[in-house]
Amino acid sequence: MAVLSLVLLFVIDKVIDAYTRHGQAVVMPRLIGVDAALAIRNLEAIGLVGVVNDTQYVDGGIPGSVCQQDPAENSQVKEGRTVYLSIVSAEVPMVRLPNLIDVSLRKATMDLQRIGLQVGEITTRPDIAHNVVLEMRQQGMIVNSGTLFPKGTRIDLQVGMSVPDSLIPVPDLTGMDLDEVRMLLHENGLFVGQVIEEATISPGSRALVIRQSPQANTDELIRTLTPIDVWIAPE
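Residues numbered from 1 in each chain as written. Predicted model: local features only at pLDDT ≥ 70, side-chain atom pairs only at ≥ 80, totals over all residues. Heavy atoms only, no water.

A. Quick look at the overall build of the protein. Along the backbone of the protein there are four helices and 16 strands. When burial is assessed residue by residue, the protein has 32% of its 235 residues classed as buried. Counting only contacts in the protein whose residues sit at least 6 apart along the sequence, the fraction spanning at least 24 positions is 73%. Carbon and sulfur atoms make up 55% of the accessible area of the protein, which totals about 14,000 Å². (Helix = DSSP H or I, 4+ residues; strand = E, 2+ residues; numbered from the N terminus. Buried < 20%, exposed > 50% of the residue type's maximum accessible area, 1.4 Å probe, protein only. Contact = heavy atoms within 4.5 Å. Areas by Shrake-Rupley, 256 points an atom, 1.4 Å probe, with all protein chains shown as cover.)

B. Main features of the packing of aromatic side chains. The full count for this structure, using the stated rule, is zero aromatic pairs. In this arrangement the basic side chain of Arg-211 is found over the ring face of Trp-231, its NZ or CZ atom lying 4.2 Å from the centre. (Phe/Tyr/Trp six-rings, centres within 6.5 Å; stacked < 30°, edge-to-face > 60°. Lys NZ or Arg CZ within 6 Å of the ring centre and 35° of its normal.)

C. The arrangement of the side chain of Ser-89 in detail. Examined against the element boundaries, Ser-89 turns out to sit in the loop between strand S5 (82-88) and strand S6 (94-96). Within polar-contact distance, the side chain of Ser-89 engages the backbone nitrogen of Glu-91 at 3.1 Å. (Polar contact = N/O pair within 3.5 Å; in protein donor to acceptor, adjacent residues only side chain to side chain.)

D. Region of the structure containing the environment of Ile-40. Positionally, Ile-40 belongs in helix H2 (residues 36-45). Taking C-alpha positions, Ile-40 is 9.9 Å from Tyr-84, a pair spaced 44 residues apart along the chain. If near-sequence neighbours (up to four positions away) are discounted, Ile-40 is found in contact with Gly-50, Val-52 and Leu-85.

E. Here's a closer look at helix H3 (residues 105-114). Taken as a whole, H3 has its buried residues at Leu-105, Ala-108, Thr-109, Asp-111 and Leu-112. Down the axis of H3, the buried side of the element spans an arc of 165°, and every buried residue falls inside it. The inward-facing, buried residues of H3 contact strand S7 (118-126), strand S8 (133-138), strand S11 (154-161) and helix H4 (178-187). Phi for Gly-116, located one or two positions after H3, is positive at around 95°. (Arc of directions from axis to C-beta.)

F. Molecular detail of the pattern of salt bridges. If you walk through the whole model with that rule in mind, you get 11 salt bridges. For Asp-111, the salt bridge goes to Lys-107, with nearest N and O atoms at 2.8 Å. Residue Asp-111 and its partner Lys-107 are both found in helix H3; the two are separated by four residues, about one turn of the helix. Relative accessible area serves as the criterion here: at 11%, Asp-111 is assigned to the buried category. Since its relative accessible area comes to 41%, Lys-107 is described here as partly exposed. Across the salt bridge formed by Asp-111 and Arg-114, the nearest N and O atoms sit 3.9 Å from each other. Here the residue Asp-111 and the residue Arg-114 both occupy positions in helix H3, the gap between them amounting to three residues, near one helical turn. (Salt bridge = Lys/Arg side-chain N within 4 Å of Asp/Glu carboxyl O.)

G. Expanded view of a nonpolar patch on the surface. Together, Val-49, Val-51 and Tyr-84 make up an exposed nonpolar region whose accessible area comes to about 220 Å². Checked against the element boundaries, Tyr-84 lands in strand S5. Note on Tyr-84: relative accessible area 38%, which makes it partly exposed. (Patch = residues over 30% accessible without salt bridge, like charges linked within 9 Å, V, L, I, M, F, W, Y side chains within 5 Å.)

H. Region of interest: the nonpolar core. In this structure, Leu-97, Leu-112, Leu-117, Met-136, Ile-155 and Leu-157 are the most contacted members of the largest nonpolar core, which totals 19 residues. Contributions of two or more residues to this core are made by H3, S7, S8 and S11. Setting aside chain neighbours within four positions, we find Leu-117 in contact with Val-95, Leu-97, Leu-112, Phe-149, Pro-150, Lys-151, Gly-152, Thr-153 and Ile-155. Grouped together as the second largest cluster of nonpolar side chains are 13 residues, Ile-168, Val-170, Leu-173 and Ile-201 included. (Core = buried A, V, L, I, M, F, W, Y, C linked by side-chain atoms within 4.5 Å.)

I. Local environment of the sheet that holds S11. Ordered in space as S7-S11-S8-S9, the four strands form an open sheet in which the pairing is mixed. Among the strands making up the open sheet, the edge pair consists of S7 and strand S9 (141-142). Pairing geometry for S7 and S11, over seven bridges, is parallel. Looking at the pairing, Thr-123 lines up with Gln-158 of S11. Contacts from H4 reach S7 and S11 within the one sheet, and its direction differs from that of S7 by about 15°. (Pairing = 2+ DSSP bridges. Axes fitted to C-alpha atoms, helices over the stretch in contact; angles between N-to-C directions.)

Set out below in structure tokens:
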């Protein structure tokens, strides 16, 4: 009888302990960048349920890895909570090229970046429409608005240049990326010369100008259509 009582007390103690521990708070781990299958196993190990509910393309991301999680890391959640995971898609989405003809270079650049395309080489030709896009090209071929391209594709632009032959101050390009440099120079009737990498620049990383030639100097003037050489390094 005594033994039976001890057994009953032991069972009751375990049941009470399980009941009081049920639903206790668990701290959400960081899952961003972790392979989805491994992330789900890690969640199961701490009493949570992982579910993949979305995929999205992330430039430079590893396909199959987690790019978003809900709840966020360090959140306090109860055991048994479902955690929703978005993972990086291996397929690059396609986007339609907008109509950039007769659009200013600045607006064309913003329109391309907004949908995930990039500005490629910028060339000029004499035209009364200064800094306005006259042609769009990709790999040397003229392309039309509405054409589908993978995100990240570089679109070359030809813009009008009506700046007369004159002397202007050398603009300071330090701290700008190449897209910003191209826009500023073309707005001033100049263009990019040589681009020299001072250090290895990883794909997808942002590179900034650390040096230029000729140097920015309010006392020195240069002629329009002069090339400016720039040295770039990772941000």
